[in-house]
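# Notes for the structure review
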Amino acid sequence: MKHFALTGAAGYIAPRHMKAIKDTGNVLVAALDPFESVGIIDSYFPEAEFFTEPEAFEAYLEEARAAEGLDYVSIAAPNYLHYPQIRMSLRLGADALCEKPLVLGEDELDRLAALEAETGHRVWTVLQLRVHPALVALREKLAAEGGHKKVVLTYVTGRGKWYLKSWKSDVKKSGGLATNIGVHFFDMLAWLFGDVQQLEVHAREEQVVAGYMELERAEVSWFLAIDDRYVPTELRAQGQRTYRSITVDGEEIEFSGGFTDLHTEVYRRTLAGQGFGLEDTRTAIRTTERIRTLKPGGRAPRHPFLE
Ligand code: NAD
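Thresholds applied
Residues numbered from 1 in each chain as written. Predicted model: local features only at pLDDT ≥ 70, side-chain atom pairs only at ≥ 80, totals over all residues. Heavy atoms only, no water. Helix = DSSP H or I, 4+ residues; strand = E, 2+ residues; numbered from the N terminus. Rg over C-alpha atoms; globule rule 2.2 N^0.38 Å. Buried < 20%, exposed > 50% of the residue type's maximum accessible area, 1.4 Å probe, protein only. Areas by Shrake-Rupley, 256 points an atom, 1.4 Å probe, with all protein chains shown as cover. Lys, Arg positive; Asp, Glu negative; His and termini not counted. Charge placed at Lys NZ, Arg CZ, Asp CG, Glu CD. Expected span 1.5 Å × (residues − 1). Bend = angle between axes of the 7 residues up to and from the residue. Domains from an automatic or database assignment. Contact = heavy atoms within 4.5 Å. Buried area = accessible area lost by both parts, 1.4 Å probe. Salt bridge = Lys/Arg side-chain N within 4 Å of Asp/Glu carboxyl O. Nonpolar A, V, L, I, M, F, W, Y, C, P; charged D, E, K, R; others polar. Phe/Tyr/Trp six-rings, centres within 6.5 Å; stacked < 30°, edge-to-face > 60°. Lys NZ or Arg CZ within 6 Å of the ring centre and 35° of its normal. Near = heavy atom within 4 Å. Polar contact = N/O pair within 3.5 Å; in protein donor to acceptor, adjacent residues only side chain to side chain. 1 Å grid on protein atoms, 1.4 Å probe; cavity = no way out; pocket = protein on both sides within 12 Å on 5 of 7 lines; lining within 4 Å. Sits in = over half its atoms within 2 Å of the grid points. Pairing = 2+ DSSP bridges. Axes fitted to C-alpha atoms, helices over the stretch in contact; angles between N-to-C directions.

## A short note on the overall build of the protein chain
From N to C terminus, the protein chain includes 13 helices and twelve strands. Computed over its C-alpha atoms, the radius of gyration of the protein chain comes to 20 Å, within 12% of the 19 Å expected for a compact globule of 307 residues. In the protein chain, buried positions account for 52% of the 307 residues. For the protein chain, the exposed surface amounts to about 14,100 Å²; the carbon and sulfur share of it is 48%. Put simply, the protein chain has 36 plus and 45 minus side-chain charges, and the middle of one group is 5 Å from the middle of the other.

## A closer look at helix H13 (residues 278-293)
Working note: α-helix, 3.6 residues per turn, so residues spaced by three or four point in the same direction. If you check H13, its first and last C-alpha atoms are 22 Å apart, about what 16 residues at 1.5 Å a residue would give, namely 22 Å. Roughly 25° is the biggest bend found in H13, and it falls at Ala284. All of the buried residues in H13 are Leu278, Thr281, Arg282, Thr283, Ala284, Ile285, Thr287, Thr288 and Ile291.

## A word on the domain arrangement of the protein chain
Domain boundaries in the protein chain define domain 1 (3-125) and domain 2 (129-257 + 278-306). The straight-line distance from the C-alpha centre of domain 1 to that of domain 2 is 28 Å. Contacts between the two partners involve 17 residues from domain 1, matched on the other side by 16 residues from domain 2. Taken together, both faces of the contact between domain 1 and domain 2 bury some 1,500 Å²; the carbon and sulfur share is 59%. Across the contact surface, domain 1 and domain 2 share three salt bridges. Elements with a contribution of two residues or more to the side of domain 1 that touches domain 2: helix H5 (106-119) and strand E6 (123-125). The element contributing the most residues to the side of domain 1 that touches domain 2 is H5, with six residues. Considering only residue class, the side of domain 1 that touches domain 2 consists of ten nonpolar, three polar and four charged.

## Some remarks on the packing of aromatic side chains
Inspection of every chain in the model, using the stated rule, returns ten aromatic pairs. Between Phe51 and Phe57, the aromatic rings sit 6.2 Å apart at their centres with planes inclined by 65°, giving edge-to-face as the arrangement. Residue Phe51 is classed as buried on the basis of its relative accessible area, which comes to 15%. On the basis of an interplanar angle of 40° and a centroid distance of 5.3 Å, the ring pair of Phe51 and Tyr60 is categorised as tilted. Since its relative accessible area comes to 22%, Tyr60 is described here as partly exposed. One aromatic cluster in this structure is built from Phe223, Tyr230, Tyr243 and Phe305. Looking at Lys22, its charged tip hangs above the ring of Phe45, at a distance of 5.1 Å from the centre. Directly above the aromatic system of Trp124 lies the positively charged group of Arg122, at a separation of 4.3 Å from the ring centroid.

## Some points on the site of the ligand
In the vicinity of the ligand lie 25 residues, with Asp33, Asn79, Gln128, Trp167 and Lys168 positioned nearest. Side-chain polar atom of His184 to an oxygen atom of the ligand: 3.3 Å apart, as the coordinates give it. Relative to its unbound accessible area of 840 Å², the ligand is 84% covered by the protein chains. With respect to the pocket detection grid, the ligand is positioned in the largest pocket. Classifying every residue of the shell around the ligand by side-chain character gives twelve nonpolar, nine polar and four charged. Each of domain 1 (3-125) and domain 2 (129-257 + 278-306) gives at least three residues to the shell around the ligand.

## With respect to the environment of Val231
Along the chain, Val231 turns up in the loop between strand E10 (218-225) and helix H11 (233-237). Along the backbone, Val231 and Arg241 are ten residues apart, and their C-alpha atoms lie at a distance of 6.5 Å. Excluding residues within four positions of it along the chain, Val231 makes contact with Val156, Arg236, Gln240, Arg241, Thr242 and Tyr243.

## Thoughts on the sheet that holds strand E1 (residues 3-7)
Spatially, six strands are ordered E3-E2-E1-E4-E5-E6 in an open sheet, and the strand pairing comes out parallel. On the outer flanks of this sheet lie strand E3 (49-51) and E6, each paired with one strand and no other. On average, each strand axis in the sheet is inclined to that of its neighbour by 20°, with strand direction left out of account. Note that strand E2 (residues 27-32) and E3 share three bridges and pair parallel. If you follow Leu32 over to E3, its bridge partner there is Phe51. Helix H4 (residues 82-91) contacts E1, E2, strand E4 (72-75), strand E5 (95-98) and E6 of the sheet and is inclined by roughly 155° relative to E5.

Structure follows, in structure tokens:
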């Protein structure tokens, strides 16, 4: 049985980590969150220690490690804290299993690679679309078909007014929309179609980011928004606030279901030493970092939602 600690325990995504730790037969020994609304812990690990201060959490883990071992620190805190919390985890003698985006900048990946070599402990991340059954099947189909594809990716996920007031819309803390929400898709695209050859940003606003990219095996028009006014009218009329569409050569890829328990699958792989590491996420981190700073413009065709 592996011993886990968890940061960001009061947040939205933390219960999926608690469930994954439990479902894989392991134990949460301690959790950290400056916000103390963490009653959810009782549903999974009522025996876990809880801390609101990072220093006390770290001291506890240091002692816990000496006494009974600490194997993994799961990190579900805001994005800008991933890098320091990963460093802390490796220095404590544990592997880090960190939420997406693993870090905000590519140089941090290099520094973490050096720390992996120094400590002998690993950094793992959650790239859960890579374990989605429909996308795994698509990847196999594309590999068999070969050729160069035309892809249109549209992802609208309506967020309330709270989003714009939270750390998630503070570029310094989250990396911005393309990083915080888009990183899943940029990783998926590179995983399906190869490395990025060319990139254009056509819109970069508080609630919308869109552009074009040329990958080794596809050209992609992409559009991401957190404003539900972009959900197609007929779906909005039915109360839908999310719209997800990927077409490959005009054919819609169906992957709306199958999202539950992907964290547990990522945990299974990580525990088996086959999780996603620093190099797996490099292209997506580099791409999102470039989208954050690239001057909007370029000649490639606009995504239909921008027309
Ligand atoms: P959230 O704001 O709901 O939760 C973050 C939690 O971290 C909060 O409870 C906050 O109090 C806590 N926190 C703040 N400072 C901290 C610190 N110093 N130490 C420990 N905890 C601290 O955000 P969320 O939506 O749960 O996102 C958390 C992470 O998970 C982010 O990295 C986000 O990108 C990622 N995420 C991943 C997915 C996915 O599908 N894989 C989905 C949503 C979020």
